[in-house]
Amino acid sequence: SFGLPSSVGMVLSVPLAETVRHEHPKVMLRIMDAMSGYVQTWLNEGAIDLGILYDIAGVRHLKVTPLLVEELFLIAAADSWPHPIGPDGVALRPIALRDCAELPLILPNRSHGLREMIERFARGESVHLNIALEMDSLTQIKELVARGSGYSILAHSAARRELEAGEVVLIPIDKPAMRRTVHLVRNPVRPVT
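Quick summary incoming for the structure in this document. (Residues numbered from 1 in each chain as written. Predicted model: local features only at pLDDT ≥ 70, side-chain atom pairs only at ≥ 80, totals over all residues. Heavy atoms only, no water.)

### Side note on the side chain of E70
Within the element layout of this structure, E70 appears in strand 4 (residues 63–77). Here R180 takes part through its side chain, which lies 2.8 Å from a polar atom of the side chain of E70. Beyond its immediate sequence surroundings of up to four residues, E70 is in contact with Y54, A155, S157, M178, R179, R180 and V182. (Helix = DSSP H or I, 4+ residues; strand = E, 2+ residues; numbered from the N terminus. Polar contact = N/O pair within 3.5 Å; in protein donor to acceptor, adjacent residues only side chain to side chain. Contact = heavy atoms within 4.5 Å.)

### Concerning the nonpolar core
Among soluble globular proteins, nonpolar side chains are generally buried collectively. Ranked by internal contacts, the top residues of the largest apolar core, which has 39 residues, are L74 and W81. Once residues within four sequence positions are removed from consideration, L74 is found in contact with W81, I95, C100, L103, L105, Y151, S152, I153, V169, L170, I171 and I173. W42, L53, V59 and L62 belong to the second largest nonpolar core, which has ten residues in total. (Core = buried A, V, L, I, M, F, W, Y, C linked by side-chain atoms within 4.5 Å. Buried < 20%, exposed > 50% of the residue type's maximum accessible area, 1.4 Å probe, protein only.)

### With respect to the pairing of strand 8 (residues 152–155)
Side chains S152 and L154 project from strand 8 onto one buried face, and the interleaved I153 and A155 project onto a second face that is buried too. Inspection of the sheet shows strand 4 paired to strand 8 by four bridges, in the antiparallel sense. In the sheet register, I75 faces strand 8, and the bridge partner there is S152. (Pairing = 2+ DSSP bridges.)

### Focus: the pattern of salt bridges
Scanning all chains against the criterion turns up eight salt bridges. R115 serves as the salt-bridge partner of E134, at 2.9 Å between the closest nitrogen and oxygen. With E134 in strand 7 (residues 131–134) and R115 in helix 4 (residues 113–124), this pair connects stretches of sequence that are 19 residues apart. The partly exposed category is assigned to E134, whose relative accessible area is 43%. For R115, a relative accessible area of 2% corresponds to the buried category. For E116, the salt bridge identified is with R123, shortest N-O distance 3.1 Å. According to the relative accessible area criterion, R123 is partly exposed, its value standing at 48%. Linked by salt bridges that have partners in common, R110, R115, E119 and E134 make up one network. (Salt bridge = Lys/Arg side-chain N within 4 Å of Asp/Glu carboxyl O.)

### Some thoughts on the environment of V64
Looking at the secondary structure, you find V64 in strand 4. Spatially, the C-alpha atom of V64 lies 35 Å from that of R93, the residues being 29 residues apart in sequence. Filtering out sequence-adjacent residues up to four positions away, V64 remains in contact with I56, V59, H183, L184 and V185.

Here you go:
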């Protein structure tokens with residue numbers, strides 16, 4: 001059983017399922033998709049074998065392997081961003097976190113790793129975020145953003161489909177750049193086969 005944050009699940013779950021089924025047909029794979037706070041709870045409780053986590057600050061007894069570093073972007077409705085956008089759907093000019101904080105943001109609640117990380121960056125810059133709405137569903141966050149109901153801060157992978165469909169644009173964040181490490185995590189109490 002493998003727990004994936006929704007942003008990773010959108011990119012990884014189908015290729016992972018197909019690969020495991022093709023290359024290891026005797027392995028029964030169960031993939032669970034949820035916000036990272038839930039994935040960490042499942043790992044702590046031993047409900048899953050493996051998980052992907054971003055924030056490992058509170059992880060003490062779990063085995064952690066860093067996988068990659070990803071950048072976070074401001075996500076806006078494609079028709080609401082007034083500045084030039086490249087052919088890949090990414091803004092040509094970055095935005096400072098201080099300027100992001102003036103926009104109505106749609107973020108998960110504080111129990112989720114993404115929100116906590118964004119809050120840490122904001123505190124480090126003495127910035128107060130304008131949280132217009134808390135939503136614990138990545139799908140609904142992206143739909144609200146695409147409809148022009150607010151903005152969010154997400155990884156490229158989390159908004160890949162909406163970006164390809166031309167529904168949203170990505171704006172790089174600088175001052176400071178917001179990056180997070182993706183970790184493969186397992187509970188050492190669970191047997192490894």
